[in-house]
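Listed below, chain by chain, are the residues.
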Amino acid sequence: MAEFLSLQEAVSKHINNGDTVAMEGFTHLIPFAAGHEIIRQEKRDLTLIRMTPDLVYDQMIGAGCAKKLIFSWGGNPGVGSLHRLRDAVEKGWPHQIEILEHSHAAMANAYEAGAAGLPLAVLRGYVGSDLPKVNDQIKFIECPFTGERLAAVPSVRPDVAVIHAQRADRKGNVLIEGIVGIQKEVVLAAKRSIVTVEEVVDDLGASVNACVLPSWAITAIAEAPKGAKPSYALGYYDRDNAFYKDWDGIARDRDTFQAWLKENVFEKGAA
Amino acid sequence: MSLEFTSSEMMSVTAARALTNDMTCFVGIGLPSEAANLARLTHAPDVTLIYESGTLQTKPDVLPLSIGDGELCESALTTVSVPEMFRYWLQGGHISVGFLGTAQIDRFANLNTTLIGDYREPKVRLPGGGGAPEIATNAKEVFITVKHSKRTFVKDVDFVTTVGFGRDGKARDNVPHIGRGPTVVITDLCILKPDPETKELVVTSLHPNVTREDVIEATGWNIRFADELDTTSAPTARELDVLRDLKARTNAHHSSTQSGQQ
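Residues numbered from 1 in each chain as written. Chains lettered and ligands numbered in written order. Predicted model: local features only at pLDDT ≥ 70, side-chain atom pairs only at ≥ 80, totals over all residues. Heavy atoms only, no water.

**Section: the overall build of chain B**
Here is step 1 of the chain: When its secondary structure is counted, chain B shows 7 helices and 14 strands.
Here is step 2 of the chain: The C-alpha radius of gyration of chain B comes to 18 Å, within 12% of the 18 Å expected for a compact globule of 262 residues.
Here is step 3 of the chain: Classification of the 262 residues of chain B by burial places 60% in the buried group.
Here is step 4 of the chain: If you take every contact in chain B between residues at least 6 apart in sequence, the share linking residues at least 24 apart comes to 65%.
Here is step 5 of the chain: Entry remark: accessible area of chain B is about 10,700 Å², with carbon and sulfur atoms responsible for 49%.
Here is step 6 of the chain: Computed over 25 positive and 33 negative side-chain charges, the separation of the two mean positions in chain B equals 3 Å. (Helix = DSSP H or I, 4+ residues; strand = E, 2+ residues; numbered from the N terminus. Rg over C-alpha atoms; globule rule 2.2 N^0.38 Å. Buried < 20%, exposed > 50% of the residue type's maximum accessible area, 1.4 Å probe, protein only. Contact = heavy atoms within 4.5 Å. Areas by Shrake-Rupley, 256 points an atom, 1.4 Å probe, with all protein chains shown as cover. Lys, Arg positive; Asp, Glu negative; His and termini not counted. Charge placed at Lys NZ, Arg CZ, Asp CG, Glu CD.)

**Remarks on the side chain of S129(A)**
Here is step 1 of the chain: Here S129(A) is to be found in the loop between strand 8 (120-123) and helix 6 (131-134).
Here is step 2 of the chain: Taking relative accessible area as the criterion, S129(A) reaches 8% and is therefore assigned buried.
Here is step 3 of the chain: Within the structure, S129(A) has its side chain in polar contact with the backbone oxygen of V160(B) (distance 3.3 Å).
Here is step 4 of the chain: Within the structure, S129(A) has its side chain in polar contact with the backbone oxygen of T161(B) (distance 2.9 Å).
Here is step 5 of the chain: If sequence neighbours within four positions are ignored, S129(A) has contacts with V160(B) and T161(B). (Polar contact = N/O pair within 3.5 Å; in protein donor to acceptor, adjacent residues only side chain to side chain.)

**Here's the deal with the interface of chain A and chain B**
Here is step 1 of the chain: Counting residues at the interface gives 62 residues for chain A, matched by 54 residues for chain B.
Here is step 2 of the chain: Here chain A and chain B share an interface that buries about 4,700 Å² over both sides, 56% of which is from carbon and sulfur atoms.
Here is step 3 of the chain: Broken down residue by residue, the surface that chain A buries against chain B is led by R124(A), V127(A) and I179(A), which jointly contribute 13%.
Here is step 4 of the chain: Inspection of the region where chain A meets chain B yields 4 salt bridges.
Here is step 5 of the chain: The closest approach of N and O atoms between D69(B) and R239(A), which form a salt bridge, is 3.9 Å.
Here is step 6 of the chain: Across the chain A-chain B interface, the total number found is 22 residue pairs in polar contact (both at pLDDT 80 or more).
Here is step 7 of the chain: When residues of the side of chain A that touches chain B are assigned to their parent elements, the largest contribution, 7 residues, is made by helix 8 (residues 241-252) of chain A. (Buried area = accessible area lost by both parts, 1.4 Å probe. Salt bridge = Lys/Arg side-chain N within 4 Å of Asp/Glu carboxyl O.)

**Here we look at the pairing of strand 9 (residues 139-142) of chain A**
Successive residues of a regular strand alternate their side chains across the two faces of the sheet.
All names here are of chain A.
Here is step 1 of the chain: Note that strand 9 and strand 10 (residues 149-154) share 4 bridges and pair antiparallel. Bridge pairing in strand 10 links E142 to R149.
Here is step 2 of the chain: Counting the residues in the hairpin turn of strand 9 and strand 10 gives 6 residues, including G147, whose phi is positive at 85°. (Pairing = 2+ DSSP bridges.)

**What about the pattern of salt bridges?**
Here is step 1 of the chain: Counted under the stated rule, the structure contains 26 salt bridges over all chains.
Here is step 2 of the chain: A salt bridge links R87(B) to E112(A), with the nearest nitrogen and oxygen atoms 2.7 Å apart. Here R87(B), found in helix 4 (residues 82-90), pairs with E112(A), found in helix 5 (residues 104-115), and the two come from separate chains.
Here is step 3 of the chain: We classify R87(B) as partly exposed; its relative accessible area is 26%.

**As for the domain arrangement of chain A**
Residue and element names in this part refer to chain A.
Here is step 1 of the chain: Splitting chain A by domain gives domain 1 (3-98 + 157-266) and domain 2 (104-154).
Here is step 2 of the chain: Between the C-alpha centres of domain 1 and domain 2 the distance comes to 26 Å.
Here is step 3 of the chain: Across the contact, 17 residues belong to domain 1 and 9 residues belong to domain 2.
Here is step 4 of the chain: Here domain 1 packs against domain 2, burying approximately 960 Å² in sum over the two surfaces, 74% of which is carbon and sulfur.
Here is step 5 of the chain: If you sort the residues of domain 1 by the area they bury against domain 2, M51, R157 and E185 come out on top, with a joint share of 40%.
Here is step 6 of the chain: Linking domain 1 with domain 2 are 0 salt bridges.
Here is step 7 of the chain: For the side of domain 1 that touches domain 2, the secondary-structure elements that each account for two or more residues are strand 4 (66-71) and helix 7 (183-189).
Here is step 8 of the chain: In terms of residues, the side of domain 1 that touches domain 2 owes the most to one element, helix 7, which gives 4 residues. (Domains from an automatic or database assignment.)

**As for the side chain of T42(B)**
Residues and elements named next belong to chain B.
Here is step 1 of the chain: On the secondary structure map, T42 appears in the loop between helix 2 (31-41) and strand 2 (48-50).
Here is step 2 of the chain: Residue class for T42 comes out buried when judged on its relative accessible area of 12%.
Here is step 3 of the chain: Setting aside residues up to four positions removed in sequence, T42 forms contacts with R238, E239 and V242.

**Concerning the packing of aromatic side chains**
Here is step 1 of the chain: If you walk through the whole model with that rule in mind, you get 8 aromatic pairs over all chains.
Here is step 2 of the chain: With a centroid separation of 6.0 Å and 45° between ring planes, the pair formed by F26(B) and F86(B) is classed as tilted. In this pair, F26(B) is assigned in strand 1 (residues 24-27) and F86(B) in helix 4, connecting sequence segments 60 residues apart.
Here is step 3 of the chain: Note on F26(B): relative accessible area 0%, which makes it buried.
Here is step 4 of the chain: An aromatic cluster of three or more residues is present, and its members are F243(A), W247(A), F257(A) and W260(A).
Here is step 5 of the chain: The side chain of R239(A) reaches across the aromatic face of Y244(A), ending 3.7 Å from its centre. (Phe/Tyr/Trp six-rings, centres within 6.5 Å; stacked < 30°, edge-to-face > 60°. Lys NZ or Arg CZ within 6 Å of the ring centre and 35° of its normal.)

**Side note on the confidence of the model for chain B**
All names here are of chain B.
Here is step 1 of the chain: For chain B, per-residue confidence averages 95 on the pLDDT scale, and 97% of positions sit at 70 or higher.
Here is step 2 of the chain: A low-confidence stretch, residues 258-262 stays under pLDDT 50, and its non-local contacts, those more than four residues away or across chains, total 22 contacts.
Here is step 3 of the chain: Of the two predicted TM-score estimates for the complex, the pTM is 0.96 and the ipTM is 0.96. (pLDDT = per-residue confidence, 0-100.)

**Quick look at the sheet that holds strand 9 of chain A**
In any sheet, the strands associate via hydrogen bonds between backbone groups, in a parallel or an antiparallel arrangement.
All names here are of chain A.
Here is step 1 of the chain: Spatially, the 3 strands line up as an open sheet ordered 8-10-9, and their pairing is antiparallel. At either margin of the open sheet sits one strand with a lone partner, and together these are strand 8 and strand 9. Averaged over all pairs of adjacent strands, the angle between strand axes in this sheet comes to 40°, irrespective of strand direction.
Here is step 2 of the chain: Bridge analysis of strand 8 against strand 10 gives 4 bridges, and the strand direction is antiparallel. Paired with L120 across the strands is P154, a residue of strand 10. (Axes fitted to C-alpha atoms, helices over the stretch in contact; angles between N-to-C directions.)

This is the structure we're talking about:
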């Protein structure tokens, strides 16, 4: 059964230095509050996995939490670059990080294989792409039935999955609505999971086919209202597109980034 | 009376015209999204638009800043998970057109959105492949829209993120169960199509007021022109009105600050 913890306790108890951590939420429901708590607790040497690193990983990479990044699209959606990620990759600031790069289809398949307990995922992918030349985790196999050449990637099995959702009930069952992304798969693929939620309610109010993660499939739940801002939680608040645009200016420069981090993460959110 | 329009508007209108009502289109963010929604709001009201965030048959009122804006989900017929999106709908063969943008394109329509320079020591690190590598092979055909410049139209891309026809034009030969690849490239200067034999991109139509020299000047290889070179029809008043309204709504929407800071 999921254990209800404060966000501070959940991160402290379940995320260790050196862990492989996957924080998901496909544009929607990105667990920013959890990311900021990881920064505040100064977790180090994390292998971070995420399809679209987004601002949350830009902030964590800039704050020095990451040793390695596994991803498939590392930009600020609709705006441009992730400048902290680029500074780490191009100039080694605050330190060099290793990258392992996939396509979305491969990452989605790898998470699903992880959730299914399989060692690998098979897809009709990477035809003609140079990505297999720079990522030794992409191989090709022959279908034993048809002889077709298919791509294979290892499944994703993180130490910890972190996601954000709209609601949990008092037993710890969690409801996810709207763009559900890859969140169910990452929780089921991981050894441990932390789910932050907008609110804890008596009744989830879930429709019969809603995306619900049962309490017994989750390790810890932490209430974190507005925990996805500046991304969004459908039914609670909209995506703060203006902040995504502003981030470009904040993140471009190391000093403005560090001032932002100090004011908005270390001072404002401290327990 | 002739209408005034910019080269960017010419590009969006021309790209929109490539879509028809019966298509199921997997839409990339940016220029493809602008063109796809313009098509939906003009001549192709029933075109099916799909974004990789899982939104099926979406009808946004403003252009999304990201592939997962709430607007896309709320106006969609339904929203599916990301693995379902890529495994069933794309790989399963339900997408007629993949509509992509790019940072670099070469003469065989290979796309680079990964980096400029060397992979291990990049001059410029770009966002990466995202959904494009498999959209390009699993959609039945691919449309590409991108602004025309020597920086973008290079003889050989620094990195093949997403295959057009490969560095030799033959990458799709004898590969079963994949799509036809790029069938048209639409820029702010012209329309290009692959030569049926060699797969090299050839200019088939010049936009109004654009010369061959303009295209030669903006292309990083010795560009070929079709024997029968067309002139693209200028945008109509309605196309321009709808496009300008859409862009005005979009700008107003995305600059409205909710909190300023988190």
